[in-house]
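Given next are the chains, with one letter for each unit.
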Amino acid sequence: MFGTVQENESDDKAIVCALGSDMVYKYKKSFVKASKKIIPILQNNYESLWNVVPYDHLETKIWLQMLGFQMDYKTFTVKNIPMVQFMRCKNYKNMSTVH
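Before going into details, it helps to say that this report is about the structure given with it.

For the protein chain, the helix and strand inventory stands at 3 helices and 5 strands. N-terminal to C-terminal, the α/β element order of the protein chain is β-β-α-α-β-α-β-β. For 99 residues, the compact-globule formula gives about 13 Å, and the C-alpha radius of gyration of the protein chain, at 14 Å, lands near that figure. Based on the C-alpha atoms only, the size of the protein chain along its principal axes is roughly 40 × 35 × 25 Å. Look at the contacts in the protein chain between residues 6 or more apart in sequence, and 55% of them connect residues 24 or more apart. For the protein chain, the accessible surface area stands at approximately 7,000 Å², while carbon and sulfur atoms represent 56% of it. A gap of 11 Å separates the mean positions of the 13 positive and 9 negative side-chain charges of the protein chain.

Next comes the structure, spelled out in structure tokens:
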């Protein structure tokens, strides 16, 4: 299941999320193919999408990068878990200005 939540009412940024199960690993190719179709739909109304991921979740970070997300490798801690932020912009040239 995929979804977005607008960050602020006056903003064009949204927090993106995905909920999965172990079936993702069984049907990895189908999942990646479907993800590539879903992300542009989720981003349709927003200039940028973002969220955080645990730093050590390598497969998740690779998947996110395949979907056009960029990683900010400055780590921070949430409940003793190192995390990194990821983001995706419609206009990649302005990526460095999105926070």
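Picking up where we left off.
Pairing analysis gives 5 bridges linking strand β1 (residues 2-6) to strand β2 (residues 13-18), with the strands arranged antiparallel. For Gly 3, the partnering residue across the bridge sits in β2 and is Cys 17. Turn length for the β1-β2 hairpin, with the two strands adjacent in sequence and antiparallel, is 6 residues. When β2 meets strand β3 (residues 48-54), the two strands line up parallel, connected through 3 bridges. Opposite Ala 14, over in β3, you have Leu 49 as the bridge partner.

With respect to the helices and strands, the residue Lys 61 is situated in helix α3 (residues 58-66). Of the side chains with opposite charge, Asp 56 lies nearest to the buried Lys 61, which makes no salt bridge, at 7.5 Å. With near-sequence residues (within four places) excluded, Lys 61 lies in contact with Val 53, Pro 54, Tyr 55, Met 71, Tyr 73 and Val 84.

Next up on the list: the pattern of salt bridges. What the rule picks out here adds up to 1 salt bridge. We note a salt bridge from Lys 28 to Glu 59, for which the minimum N-O separation is 3.0 Å. You can see Lys 28 sitting in helix α2 (residues 28-43) and its partner Glu 59 sitting in helix α3, a full 31 residues away along the chain. For Glu 59, a relative accessible area of 46% gives the class partly exposed.

How each quantity is defined
- Residues numbered from 1 in each chain as written.
- Predicted model: local features only at pLDDT ≥ 70, side-chain atom pairs only at ≥ 80, totals over all residues.
- Heavy atoms only, no water.
- Helix = DSSP H or I, 4+ residues; strand = E, 2+ residues; numbered from the N terminus.
- Rg over C-alpha atoms; globule rule 2.2 N^0.38 Å.
- Contact = heavy atoms within 4.5 Å.
- Areas by Shrake-Rupley, 256 points an atom, 1.4 Å probe, with all protein chains shown as cover.
- Lys, Arg positive; Asp, Glu negative; His and termini not counted.
- Charge placed at Lys NZ, Arg CZ, Asp CG, Glu CD.
- Pairing = 2+ DSSP bridges.
- Buried < 20%, exposed > 50% of the residue type's maximum accessible area, 1.4 Å probe, protein only.
- Salt bridge = Lys/Arg side-chain N within 4 Å of Asp/Glu carboxyl O.

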